[in-house]
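Chains, contacts and geometry: an overview
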Amino acid sequence: MTKIKAIFLSLILVFNFSSVSNSQNIPNSFADLAEKLMPSVVNISTTQTVVTRSNPFPNFQFPPGSPFGDMFKEFGTPQERQSSALGSGFIIDEKGILVTNNHVIEGAEDIVVQVNGEKKFKAKVIGADPLSDIAVLKIESKEKFLPVRFGDSDKARIGDWVIAIGNPFGLGGTVTSGIISARNRSIGLSRYEDYIQTDASINSGNSGGPLFDMSGNVIGINTAILGRSGNVGIGFSIPSNSAKIVIDQLIKFGETKRGWLGVRIQDVTKEIADVEKLDEPRGALVASVAPNSPSEKAGVKSGDIILEFNGEKIKQMKELPIIVARTEVGKKVKVKIWRNKKEIIKTITLGRLETSEDFKISEKKEELPKETLIENLKIKVRKLSDQDIKTRNLPNQTNGLVITSIEKDSPLTGSIEANSIILEAQKKKIRNVEDLNQALKQVLNSNQKTILLVIYNSQNQKRYIGVKLD
């Protein structure tokens, strides 16, 4: 009887596992889906002319890095050669409009698109955006092509099945499958990053190709792989919801028109959240506000913490630039801000994104003021001089203390670098060493034990730092 029970239980377990597998729609094959989608995925080849100069003195060899090598090359005979590159793309309109990565076609003189592994067509660039690494092309033909549809990338979940189709290593029409491994990844390639990570094999030549869900909708544009020696099981795709906004603008205007707030932001650390009496580290801390920017006109101030933008909660600092960039220029948006331990609402009319040039700091030397040791912070500081203001191109009325050295066991180690300027402590301006020591004394005599500093780092970027004192 016991043996019969065991067999019966085993059958129940097998039945249950089968039911779970079927309910999760684990595919037996990708063949039907791949057959349907492959005509819409194209191979892209580009050519450009590269000019090199031969060494006019071939019998003279110079070591690597020698200035003489470059100097003599200037006298060499110019030689032209054709450089080629391969990538992938996908058709989004029957008139032959297609999408790829900007880096696939950047600098190209000729672009040739091969459709379904057969016909080849010339193509021209409608618009390209290096910041998002997206380009839109138009096939020069009156033929009708088979487009694919965009899906909702926000609905894609970790563990969902996906397939990638592309042109790896020049091998056209290659299909790979896998799952979504992670969402909202940042890998340091661009200003706006919320990549979908997948373990579907993506190799050189897959760039610009589509990442499909199981309904055959494009939920991502394959754009990067981790590592330099080919695929290692980690690929990254631009989410379709972010890409579609850029693509629509490139088609309509030939360029992007991103929303612009005009603030420099940073993460809200636990220490800063404690000082500001915020329930948890969240939002984006405004480190500085650009003059005459939409934020300045709306009354946003340094030290504000942006909690919501246009109804969307900001959990992490990196989310804000992405949300702002995809918001229409000229739109009036409500921004929820944490200031002085309470929430306030500001209405901001968005401008268009502007990129500012970094200040170049000269290295002129001067006779520097006397250094002073700040024992509680284990740093040495000196008063900000007029020469500092001039050479670092700071506002004329800037006051503060320059950090000249930081001891290894300083509570500032890892948070602040030498040559940073302490501007404020506990929201009070610092003009001299006495001001800083007074602020430290006040914090040490309180129960909080965390001091809030406002600094310019060595690149003249304003930052807020929360420092826990012993």
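For the structure, see preceding data.
First, a word on what this report is: a plain description of the structure on this page. Since we're looking at a predicted model, the values are computed, not measured. Along each chain, the written sequence defines residue order, and numbers are assigned to residues from 1. The predicted origin of the model limits local features to residues at a pLDDT of at least 70 and limits the giving and counting of side-chain atom pairs to 80 or more, whereas totals for whole chains, interfaces and linings rest on all residues. The basis for every side-chain value is the complete set of non-hydrogen atoms in the structure, without hydrogens or water.

Examining the sheet that holds strand E7 (residues 161-166)
An order of E7-E8-E9-E12-E11-E10 is seen for the six strands of this closed barrel, with the pairing classed as antiparallel. On average, each strand axis in the sheet is tilted by 45 degrees relative to the strand beside it, whichever way the strands run. What makes two strands pair is DSSP finding at least two bridges between them. Only DSSP runs of H or I reaching four residues or more are called helices, and only runs of E reaching two or more are called strands; each is numbered from the N terminus. In this structure, strand E9 (residues 195-198) lies alongside strand E12 (residues 235-239), joined through three bridges in antiparallel fashion. Paired with Thr198 across the strands is Gly235, a residue of E12. In what follows, residue pairs with any heavy atoms lying within 4.5 Å of each other are defined as contacts. Here an axis means a line fitted to C-alpha atoms, over the contact stretch when the element is a helix, while the angle between two N-to-C directions is reported on a 0 to 180 degree scale. Here helix H5 (residues 240-253) sits on the sheet and contacts strand E11 (218-225) and E12; the angle it forms with E12, its principal contact strand, is near 55 degrees.

Looking at the nonpolar core
Generally speaking, a soluble globular protein has its nonpolar side chains buried in company with each other. To form a nonpolar core, buried Ala, Val, Leu, Ile, Met, Phe, Trp, Tyr and Cys residues must be joined to one another through side-chain atoms within 4.5 Å. Burial classes: relative accessible area under 20% of the type maximum marks a residue as buried, over 50% as exposed, and values in between as partly exposed (1.4 Å probe, protein chains only). Of all hydrophobic cores here, the largest spans 23 residues; its most connected members are Leu37, Ile134, Ile163, Phe212, Ile221 and Ile247. Secondary-structure elements contributing two or more residues to this core are helix H2 (31-37), strand E3 (97-100), strand E6 (134-139), E7, E11, E12 and H5. Counting residues per element, this core draws most heavily on H5, at four residues. When sequence neighbours within four positions are dropped, the list of residues in contact with Ile247 reads Ile92, Val99, Ile134, Val136, Phe150 and Ile221. Residues Val381, Leu412, Ile430 and Val443 belong to the second largest nonpolar core, which totals 21 residues.

Describing the pattern of salt bridges
The term salt bridge refers to a pairing of a side-chain nitrogen on Lys or Arg with a carboxyl oxygen on Asp or Glu at a separation within 4 Å. This structure, assessed with the given rule, holds 15 salt bridges. With its nearest N and O atoms 3.5 Å apart, the salt bridge here joins Arg352 to Glu255. Highlighted residues: Arg352 in strand E20 (residues 351-352) and Glu255 in the loop between H5 and strand E13 (259-260), separated in sequence by 97 residues. Residue classification places Glu255 among the partly exposed positions, given a relative accessible area of 37%. A salt bridge links Glu343 to Lys336; the nearest nitrogen and oxygen atoms lie 3.8 Å apart. Within this structure, Glu308, Lys336 and Glu343 form a network of salt bridges that share partners.

Looking at helix H10 (residues 433-444)
Owing to its 3.6 residues per turn, the α-helix brings residues three or four apart onto one side. Here a helix's expected span is defined as the number of its residues, less one, multiplied by 1.5 Å. With twelve residues, H10 should cover 16 Å at 1.5 Å per step; its first-to-last C-alpha distance of 17 Å lies within 8% of that length. Looking only at H10, the buried set comprises Asp435, Leu436, Ala439, Leu440 and Val443. The buried residues of H10 occupy one face: seen down the axis, they fall within an arc of 135 degrees. Exposed side chains of H10 directed beyond 90 degrees from the buried face belong to Glu434, Gln438 and Lys441. Looking at where H10 begins, the residue whose side-chain oxygen comes 3.3 Å from the main-chain nitrogen of Glu434 is Asn432. The arc in question is the one spanned by the directions pointing from the helix axis to the C-beta atoms. Identification of polar contacts relies on pairs of N or O atoms within 3.5 Å, with a donor-acceptor requirement for protein atoms, meaning one able to donate a hydrogen and the other able to accept it, and with residues adjacent in sequence counted only if both atoms are side-chain atoms.

Section: the environment of Gly208
With respect to the secondary-structure elements, Gly208 resides in the loop between E9 and strand E10 (210-212). The exposure class of Gly208 is buried, given its relative accessible area of 0%. Residues Gly208 and Gly89, 119 residues apart in the sequence, show an inter-C-alpha distance of 4.9 Å. With residues up to four places along the chain from it excluded, the contact list for Gly208 reads Ser88, Gly89, Phe90, Val99, Thr100, Asn101, Ile221 and Asn222.

Things to note about the pairing of E7
In terms of burial, E7 is largely enclosed, as five of its six residues are buried. With six bridges connecting them, E7 and strand E8 (residues 174-185) associate as antiparallel partners. Note that in E8 the partner of Trp161 across the bridge is Ile179. Pairing analysis gives two bridges linking E7 to E10, with the strands arranged antiparallel. For Ile163, the partnering residue across the bridge sits in E10 and is Phe212.

Here's the deal with unusual backbone geometry
A negative phi angle characterises most non-glycine residues, just as the trans form characterises most peptide bonds. The phi angle at Asn340 is positive, at roughly 55 degrees, despite the residue not being glycine. Examined against the element boundaries, Asn340 turns out to sit in the loop between strand E18 (332-339) and strand E19 (342-349). The exposure class of Asn340 is exposed, given its relative accessible area of 53%. Although it is not a glycine, Lys341 adopts a positive phi angle of roughly 65 degrees. The class for Lys341 is partly exposed, based on a relative accessible area of 45%.

These results come straight from atomic positions and should not be treated as a statement about function.
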